[in-house]
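Below, each chain spelled out in residue letters.
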Amino acid sequence: MVLYSVRGGGLVVAASLGLFSAFFPYPSHASCQVDWVFGKECYTVKDRLIKQMELWSSDQCSAKQQCRYKYEGEKGDTILGSHTTPVLSFVDNLNFTLTDVSSGTCKVKAFSESGASYAVIDFGGNYCNLRNLVIGSKLDENDEKYKENSTNSVCTMYSIAHCNLYT
Ligand SMILES: *[C@@H]1O[C@H](CO)[C@@H](O)[C@H](O)[C@H]1NC(C)=O
Ligand SMILES: *[C@@H]1O[C@H](CO)[C@@H](O)[C@H](O)[C@H]1NC(C)=O
């Protein structure tokens, strides 16, 4: 049994679990995990991500401007933050865990999780929460070691997200 209904603008999907996973390739709760590699020291990566969250912390969202990010400190090697979704004001939690793998190479595990408990579809919002910070801080530019990887099974709508729609 599959049931779709719209509640508060979010899409709710209830289904018998076997059938559900057979055709629904995403996490059961809207969320995203992405791995990045940068040809930089982790302290540089960390500095840029934090600065980008602070730069985009305004409550005033003008067109074409990212906004409503919040830097929420650090826990060990993990940067904590949040992003409030523009339309419905759910607070998505995000974090980046940084690991120096060798001199000048930093591996990052990033997570974003929807604050709306019933959300299963996010139109790529959780992925874009993370990717926009990386691209906005130009961490991808002139970096021969730059690599991003994820899959639909750990990142809602990864393969079809167009983050430029959210910028
Ligand atoms: C990062 O976020 C994920 C998903 O919300 C969570 O499972 C994980 O515990 C968080 N990591 C830290 C260090 O807070
Ligand atoms: C990225 O690729 C590595 C190596 O294949 C894999 O172990 C890891 O799970 C992938 N990360 C994601 C978020 O899919």
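Everything quoted here is computed from the prediction, not taken from an experiment.

What counts, and at which threshold
- Residues numbered from 1 in each chain as written.
- Chains lettered and ligands numbered in written order.
- Predicted model: local features only at pLDDT ≥ 70, side-chain atom pairs only at ≥ 80, totals over all residues.
- Heavy atoms only, no water.
- Buried < 20%, exposed > 50% of the residue type's maximum accessible area, 1.4 Å probe, protein only.
- Helix = DSSP H or I, 4+ residues; strand = E, 2+ residues; numbered from the N terminus.
- Near = heavy atom within 4 Å.
- Polar contact = N/O pair within 3.5 Å; in protein donor to acceptor, adjacent residues only side chain to side chain.
- Areas by Shrake-Rupley, 256 points an atom, 1.4 Å probe, with all protein chains shown as cover.
- Nonpolar A, V, L, I, M, F, W, Y, C, P; charged D, E, K, R; others polar.

Chemist: Which parts of the structure should I look at to understand unusual backbone geometry?
Modeler: In this structure, phenylalanine 123 takes a positive phi of about 55 degrees despite not being glycine. The class of phenylalanine 123 is exposed, set by a relative accessible area of 55%. For lysine 138, which is not a glycine, the phi torsion comes out positive at approximately 60 degrees. Counting through the fold element by element, lysine 138 comes out in the loop between α3 (125–136) and β8 (147–149).

Chemist: It is not clear to me how the site of ligand 2 should be interpreted in this structure. Could you clarify?
Modeler: In the region of ligand 2, the neighbouring residues are Gln33, Asp35, Asn149, Ser150 and Val154. Here aspartate 35 contributes a side-chain N or O atom positioned 2.7 Å from a nitrogen atom of ligand 2. Coverage of ligand 2 by the protein chains reaches 46% of its 360 Å² of free accessible surface. Looking at the shell around ligand 2 residue by residue, the classes come out as one nonpolar, three polar and one charged.

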